[in-house]
Amino acid sequence: MEAIWQTAFAIIGSVGGAGAIIWAISRWFANVIAERMLKKAELAFAKDLADFQSKLENKNYISKTRFDLEIEIYQKLSEATLQMVFDNNALFPVLDHPFPDINEEYNRMVKVCEAATYSYNLANKAIRQSAPFIPKEIYEEFCNIRNDCHRQIIMFQDFRLDKMCKELIADSKDQYRACFGRTQEISTKLDDLVNHLREYIAKLDVLDTGIAGVHD
């Protein structure tokens, strides 16, 4: 403030007449205020621009047609994958209650394997069909779960349905026990995938074209 008044007195000393003095001081103050307001506006604009850019980086702007297509794909994939995991969990369940009758137990295991194989094939088809339309990392997560389910089916056929299954279990106890642990791992991977999908979909935002009836 002291510097401002020193400058003002310098102007008064160099300009003659009251009118000229008032005019010079007013003009000078106006320039000072305008410069300060401009700097303040520039700082506010820079902050608003940074906030806007941050929001843009956290959003994926797509057309409504693309948005609807992706949601439909994820719905089909989620349904097929959930059914695959559900049927696959029955192969090596955490809690198992075998039937006392050997034949009845074997028939039950055959049906369990058939259900797991059928839902696996449906999910595998859905995953492959969606490959070109979804992000690579999400596609790989679906494939990872599918591959684990496929491995469980193969191991089930060896450890439960093969005629030499008892001998195989005796020789490969660690692999057999790992199958039951993998059941929980598959469920955990599915939960992680669902959370990833939630985060990804939350970032999708429909692009507003500003023209009624136009979505692309």
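Residues numbered from 1 in each chain as written. Predicted model: local features only at pLDDT ≥ 70, side-chain atom pairs only at ≥ 80, totals over all residues. Heavy atoms only, no water.

Focus on the pattern of salt bridges
1) Next: For the coordinates displayed, the defined rule picks out four salt bridges.
2) Next: With its nearest N and O atoms 3.3 Å apart, the salt bridge here joins Lys76 to Glu72. With a gap of four residues between them, Lys76 and Glu72 both fall in helix α3 (residues 64-89), about one helical turn apart.
3) Next: Lys189 is the partner of Asp148 in a salt bridge, and the nearest nitrogen-oxygen pair spans 2.6 Å. Of this pair, Asp148 sits in helix α5 (residues 136-161) while Lys189 sits in helix α7 (residues 173-203); the two residues are 41 residues apart in sequence, bridging distant segments of the chain.
4) Next: For Lys189, a relative accessible area of 27% gives the class partly exposed. (Salt bridge = Lys/Arg side-chain N within 4 Å of Asp/Glu carboxyl O. Helix = DSSP H or I, 4+ residues; strand = E, 2+ residues; numbered from the N terminus. Buried < 20%, exposed > 50% of the residue type's maximum accessible area, 1.4 Å probe, protein only.)

Quick notes on the packing of aromatic side chains
1) Next: Applying the stated criterion across every chain yields a total of six aromatic pairs.
2) Next: Where Phe92 meets Phe180, the ring centres are 5.3 Å apart and the plane angle is 80 degrees; that geometry is what we call edge-to-face. Residue Phe92 is found in the loop between α3 and α4 (102-130), and its partner Phe180 is found in helix α7; the two are separated by 88 residues along the sequence.
3) Next: Accessibility expressed as a relative area gives 0% for Phe92, which makes it buried.
4) Next: An angle of 85 degrees between the planes, with centres 5.2 Å apart, marks the rings of Tyr176 and Phe180 as edge-to-face. In this pair, Tyr176 and Phe180 both sit in helix α7, four residues apart, roughly one turn of the helix.
5) Next: Overall, the relative accessible area of 24% leaves Phe180 in the partly exposed class.
6) Next: Here the aromatic residues Phe92, Phe156, Phe159, Tyr176 and Phe180 are joined through ring pairs into a cluster of three or more. (Phe/Tyr/Trp six-rings, centres within 6.5 Å; stacked < 30°, edge-to-face > 60°.)

Taken by themselves, the reported measurements are silent on function.
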